[in-house]
Amino acid sequence: MKIKALETINDSLNLLTFSKLFVLVDENTKRFCLPKLLSDLSNPQEVIILEIASGESNKTIHSCLEIWKKLSHYQADRKSILINLGGGVISDLGGFVASSFKRGIRFINIPSTLIGMVDAAFGGKTAVNLHAAKNQIGNFSKPEMVLIEKSFLESLPEEHLLSGFGEMLKYGLILDNDLWKQLGSLNRRELDQIDSAHIHRCIELKMSIVEQDYRENGLRKILNFGHTIGHALESLFLEKEKTLHHGEAVAHGMIIESIIASHKGLLKNNELEEISQVILSFFPKLTIDTNHLLPLLNFMRQDKKNENEVVNFTLLHSIGKAHIDYFIEKDEIFNAIDDYIHL
Ligand SMILES: NC(=O)c1ccc[n+]([C@@H]2O[C@H](COP(=O)([O-])OP(=O)(O)OC[C@H]3O[C@@H](n4cnc5c(N)ncnc54)[C@H](O)[C@@H]3O)[C@@H](O)[C@H]2O)c1
């Protein structure tokens, strides 16, 4: 998987022999990002644009079906290429669509959100949701390449920048104390000036893990820190039709999972306090109550890392050091969520 700047697109495409070029967008990336991509392409008239409606609620098999039908209508063949121009919803869904159409056509990711740039566009995980349960249908398929254009962040609404920032904090917490300290010293209003060096550091950290354990048999599970609870929170809010963005859900998930680690004596109290304080300074506390405990547990039980219905967590031993495969019982999970409710 090669990572290059968008300006290299023509050279990059010249290296790949292809029959037809498709670009998948949503209405926002069509408006804000597609014009730039088309102006960079030497043969924009040959591009076929495919569109889905934006948002997590459209990351469904139904949207895939619509795209597969269009690919078929436009006679896409095994030599066609799909460019996924958008955030994590577009790259997760577009990657799945491409990897399963005619047993697999090649795809290129051009992330347009911060989450896409630091996480979703890389690593080869593709998926769609099954009802409210996250990422239940998908596979491992690497994009041919990922092309980064940081200026796409200029039109990204602040709430989505913040969501991407949540994933960036995760890399600091699991792998790099210095990155955590640098990101934690920023304030909410400075996020539109997020440093390219920080974006590159996140990509470097993710790729170093993915290269060692592409299929998530072990080490790669550390990237799921915050996601066991985070995905359950995201699903809960998706069902309630309230907006909780992915990185925001992960940020609160990281607090609750750090509480579990501190209850188990793995993480020092002062580090738990630092984690909660920094995260809550960017992400206001969520309103959840004890009625949500069981629905949250039921969502966690659908997590793909579980064995025999016991929920599998990645837990911190200290800031910058995470360990995988902690199987945590229901009461320990409920105690941690209860502590979060009373923070
Ligand atoms: N596969 C992976 O490894 C991985 C990793 C992290 C997250 N994800 C997935 O990514 C998704 C979240 O990603 P996301 O936050 O990028 O979601 P998203 O794709 O829904 O994008 C967020 C919003 O920003 C809009 N948008 C995108 N680019 C824009 C731009 N440049 N200017 C203006 N608006 C723009 C989109 O239309 C959408 O409304 C979740 O589904 C999550 O599960 C996947």
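First, a word on what this report is: a plain description of the structure on this page. (Residues numbered from 1 in each chain as written. Predicted model: local features only at pLDDT ≥ 70, side-chain atom pairs only at ≥ 80, totals over all residues. Heavy atoms only, no water.)

## Some words on the pairing of strand β4 (residues 81-86)
This is how the line gets drawn: Buried, partly exposed and exposed residues are distinguished by accessible area as a fraction of the type maximum, computed with a 1.4 Å probe on protein chains only: under 20%, between the cut-offs, and over 50%, respectively. Strands here are runs of E lasting at least two residues and helices are runs of H or I lasting at least four, both read from the DSSP assignment and numbered beginning at the N terminus. When DSSP finds two or more bridges between a pair of strands, those strands are recorded as paired. Handedness is read with the strands pointing away from the viewer; a crossover is right-handed when the path from the first strand over the helix to the second is clockwise.
Extensive coverage of β4 is indicated by the burial of 6 of its 6 residues. Relative to β4, strand β2 (residues 21-26) is paired through 4 bridges, and the arrangement is parallel. For Leu24, the partnering residue across the bridge sits in β4 and is Asn84. Two elements, β4 and strand β5 (residues 106-111), share 6 bridges in a ladder whose sense is parallel. Residue pairing in the sheet places Asn84 in a bridge with Asn109 of β5. The β-α-β motif built from β4, the intervening helix α5 (residues 88-100) and the parallel element β5 has right-handed crossover chirality.

## As for the site of the ligand
Cut-off, in case you're wondering: Distances are taken per atom, and a residue is near a molecule or strand as soon as one of its heavy atoms is within 4 Å of it. Polar contacts, as counted here, are pairs of nitrogen or oxygen atoms within 3.5 Å of one another; within protein the pair requires one atom able to donate a hydrogen and one able to accept it, and residues that are adjacent in sequence qualify only if both atoms are side-chain atoms. Charged residues are taken to be Asp, Glu, Lys and Arg, nonpolar residues to be Ala, Val, Leu, Ile, Met, Phe, Trp, Tyr, Cys and Pro, and polar residues to be all remaining types, Gly included.
The immediate surroundings of the ligand are formed by 28 residues, with Asp26, Glu56, Ser112, Thr113 and Lys134 found nearest. Note that an oxygen atom of the ligand is positioned 3.3 Å from one of the side-chain N or O atoms of Lys206. If you list the elements that add at least two residues to the shell around the ligand, you get α2 (27-32), α5, α6 (114-120), β7 (133-140) and α7 (158-175). Considered class by class, the residues forming the shell around the ligand number 8 nonpolar, 11 polar and 9 charged.

## Some remarks on the nonpolar core
For clarity, the threshold we go by: Remark: nonpolar core denotes a set of buried residues (Ala, Val, Leu, Ile, Met, Phe, Trp, Tyr, Cys) joined through side-chain atoms within 4.5 Å. Residues count as neighbours in contact if any of their non-hydrogen atoms are within 4.5 Å of one another.
Leu37, Ile110, Ile279 and Phe313 are the most contacted members of the largest nonpolar core, which totals 97 residues. Here the element with the most residues in this core is helix α11 (residues 246-263); it accounts for 9 residues. With residues near it in sequence (within four places) discarded, Ile110 still touches Leu6, Ile9, Leu37, Ile83, Asn84, Leu85, Gly86, Leu147 and Phe152. Counting 20 residues, the second largest nonpolar core, distinct from the first, contains Ile67, Leu71, Val97 and Ala98.

## Looking at the side chain of His227
If you trace the backbone, His227 turns up in helix α10 (residues 227-239). A polar side-chain atom of His227 sits 3.0 Å from a polar atom in the side chain of Glu167.

## Let's talk about unusual backbone geometry
The residue Gln75 is not glycine, and still its phi comes out positive at about 55°. Relative to the helices and strands, Gln75 is located in the loop between α4 (61-73) and β4. Residue Gln75 is classed as exposed on the basis of its relative accessible area, which comes to 59%. Notably, Asn135 is not glycine yet its phi reads approximately 50°, a positive angle. Residue position: Asn135 is located in strand β7.

## Observations regarding the packing of aromatic side chains
The criterion, for reference: Any pair of Phe, Tyr and Trp rings, taking the six-membered ring for Trp, is counted once the centres come within 6.5 Å. Such a pair is stacked with planes under 30 degrees apart, edge-to-face with planes over 60 apart, and tilted for the rest. Consider the ring centre and the ring normal. A charge sits over the ring if Lys NZ or Arg CZ is within 6 Å of that centre and within 35 degrees of that normal.
Applying the stated rule across the entire model yields 4 aromatic pairs. Arranged with centres 6.5 Å apart and planes meeting at 55°, the rings of Phe22 and Tyr74 form a pair that is tilted. Of this pair, Phe22 sits in strand β2 while Tyr74 sits in the loop between α4 and β4, placing them 52 residues apart in sequence. What makes Phe22 buried here is its relative accessible area of 0%. Taking the ring centre of Tyr214 as reference, the NZ or CZ of Lys142 above it sits at 4.4 Å.

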